[in-house]
Each structure stands twice: as C-alpha cells, then as structure tokens.
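# Structural overview for review
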Amino acid sequence: IRLLYVVSGLQLDPARMRRVNRTFLAHDRPTDVLSFRYDGARQGRPDRRQHDVLGDILIAPALARDYAGAHGVTYSEEVARYVLHGILHWLGHEDKTPAQQRAMRRKEDRLLAQCRDGLKNRDRSISSRRDRSIFPGARLRGKMDQSRIG
C-alpha cells in the first residue's frame with residue numbers, strides 16, 4: 001500500500017497544549033484542539049514519498065474529560081468532536097467570529113450524527129449476520145460482544 005499523505009493525530013496534556021498554543025499562535029492558554037496544515041497540503045499535490053505528513057491535529061483529552069463531565073456528554077463523544085473540529089480546521093474552516101463558531105458547531109453536530117449512524121448500521125449489520133463467527137475460532141451467541149469488535 002502506498003500512502004500519498006498523512007495527517008497525524010497527537011494527544012497532549014494541557015500544559016504542553018498551552019506551550020504549543022503560545023509558541024505557534026501567541027495565545028498563552030491551554031486549548032482543546034490545534035490543527036496545523038503544512039505547505040504540501042495547500043498545493044494539493046503531496047510529495048510521492050510514502051508517509052508524507054501534511055498536517056497535525058493535536059487534542060487535549062484531559063480537557064475533553066473535564067468538559068464532558070461539566071456538560072453531560074460522554075467523554076468519547078467529546079474527543080470525537082475535538083478530532084472533527086481539528087479536521088474541519090485542517091480543511092480550512094474558521095471559528096473566529098460568533099457566526100463562524102455557530103457554523104462550525106453545526107458541521108461538527110452533523111458529522112457526529114453521521115458517525116453515530118454509521119456505527120449503528122455497522123453494529124446492526126454485524127449482529128444480523130447468520131454466521132456470527134467473525135473472529136477466527138470464536139462462536140458468538142446472542143448479542144455481539146461490542147467490546148470485541150471495537
């Protein structure tokens with residue numbers, strides 16, 4: 001398999017996220033998501049070497065945990081929102097003004113819903129198969145053990 005480009009995802013603690021935010025954006029505070037797009041990505045023609053990194057998306061899982069607890073959402077949903085938010089920034093979407101922030105939130109909500117629907121359909125498809133032995137040597141009865149197909 002030959003990859004043309006890669007966008008890496010990194011998890012940072014709040015202190016490190018603050019340092020990166022201060023160094024690259026001159027904002028002296030921690031943040032939940034940072035997204036960096038490199039020159040090859042803007043040109044739309046990545047180098048043909050394998051694994052060219054065209055961007056980084058940095059998230060702070062500890063901040064996601066705090067936010068999720070304070071706002072009644074699941075940790076995994078909040079982390080997923082951070083990843084989607086970073087991807088949207090990487091694609092060029094901005095959230096500097098209130099109108100841009102509302103538009104970004106709507107896009108995140110739509111993408112999260114599509115992800116949820118995709119997972120539900122996948123789970124429904126897997127659990128409705130007659131041959132539930134999707135793991136070599138495993139005979140699954142009744143409901144699928146979702147932790148095994150994660």
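Here, the structure is the one placed above.
We now turn to the structure provided with this report. In this text the structure is predicted, and so the values were computed from the model without any measurement. (Residues numbered from 1 in each chain as written. Predicted model: local features only at pLDDT ≥ 70, side-chain atom pairs only at ≥ 80, totals over all residues. Heavy atoms only, no water.)

## Examining the overall build of the protein
Condition: Only runs of H or I of at least four residues qualify as helices and only runs of E of at least two qualify as strands under DSSP, and these elements are numbered from the N terminus. Relative accessibility decides the category of a residue: with a 1.4 Å probe and only protein chains considered, values under 20% of the type maximum give buried, values over 50% give exposed, and everything between is partly exposed. We call two residues in contact when some of their heavy atoms are within 4.5 Å.
A tally of helices and strands in the protein yields five helices and three strands. In the protein, the order of α-helices and β-strands from amino to carboxyl end is β-α-β-α-β-α-α-α. Out of the 150 residues belonging to the protein, those deemed buried represent 26%. Looking at the protein alone, contacts between residues at least 24 apart form 49% of all its contacts between residues at least 6 apart.

## Digging into helix 3 (residues 61-71)
Rule in force here: Here the arc refers to the directions that run from the helix axis out to each C-beta atom.
Along helix 3, the positions that sit buried rather than exposed are P61, A64 and A68. Considered in projection along helix 3, the buried side chains sweep an arc of 50 degrees and stay on one side of the axis. Residues of helix 3 that are exposed and point more than 90 degrees away from the buried face comprise D66, G69 and A70. In this fold, the buried residues of helix 3 make contact with strand 1 (6-11), strand 3 (53-59) and helix 4 (75-90). G72 lies just past helix 3 and shows a positive phi near 70 degrees.

## Structural notes on the side chain of R81
Rule in force here: Each polar contact in these results corresponds to two N or O atoms within 3.5 Å; when the atoms are within protein, one needs to be able to donate a hydrogen and the other to accept it, and residues that are neighboring in sequence are counted only if both atoms are side-chain atoms.
Structurally, the position occupied by R81 is in helix 4. Within the structure, the side chain of R81 is placed 2.8 Å from the side chain of D109, a separation counted as a polar contact.

## A few points about the environment of Y75
Mapped onto the fold, Y75 is located in helix 4. Overall, the relative accessible area of 33% leaves Y75 in the partly exposed class. Distance from Y75 to L63, taken between C-alpha atoms, is 9.8 Å for residues 12 residues apart in sequence. Beyond its immediate sequence surroundings of up to four residues, Y75 is in contact with P61, A64, R65 and A68.

## So, the sheet that holds strand 2 (residues 33-37)
Threshold: Two strands are said to pair when DSSP picks up at least two bridges between them. Whenever a helix is involved, its axis is fitted only over the stretch in contact; in every case the axis is a line through C-alpha atoms, and angles between N-to-C directions fall within 0 to 180 degrees.
Strand order across the open sheet formed by three strands is 1-3-2, with mixed pairing between neighbours. One side of each edge strand has no neighbouring strand; the edge strands of this open sheet are strand 1 and strand 2. Mean inter-strand twist for the sheet, computed between neighbouring axes without regard to direction, equals 15 degrees. Pairing of strand 1 with strand 3, which is carried by six bridges, proceeds in the parallel orientation. Directly across from Q11, in strand 3, lies its bridge partner I59. Those strands touched by helix 1 (residues 14-25) are strand 2 and strand 3, and its axis lies near 45 degrees from that of strand 2. The strands that helix 4 touches are strand 1, strand 2 and strand 3; relative to strand 2, the one it contacts most, it runs at about 30 degrees.

Note that every value here comes from positions in space, so none of it alone points to a role or purpose.
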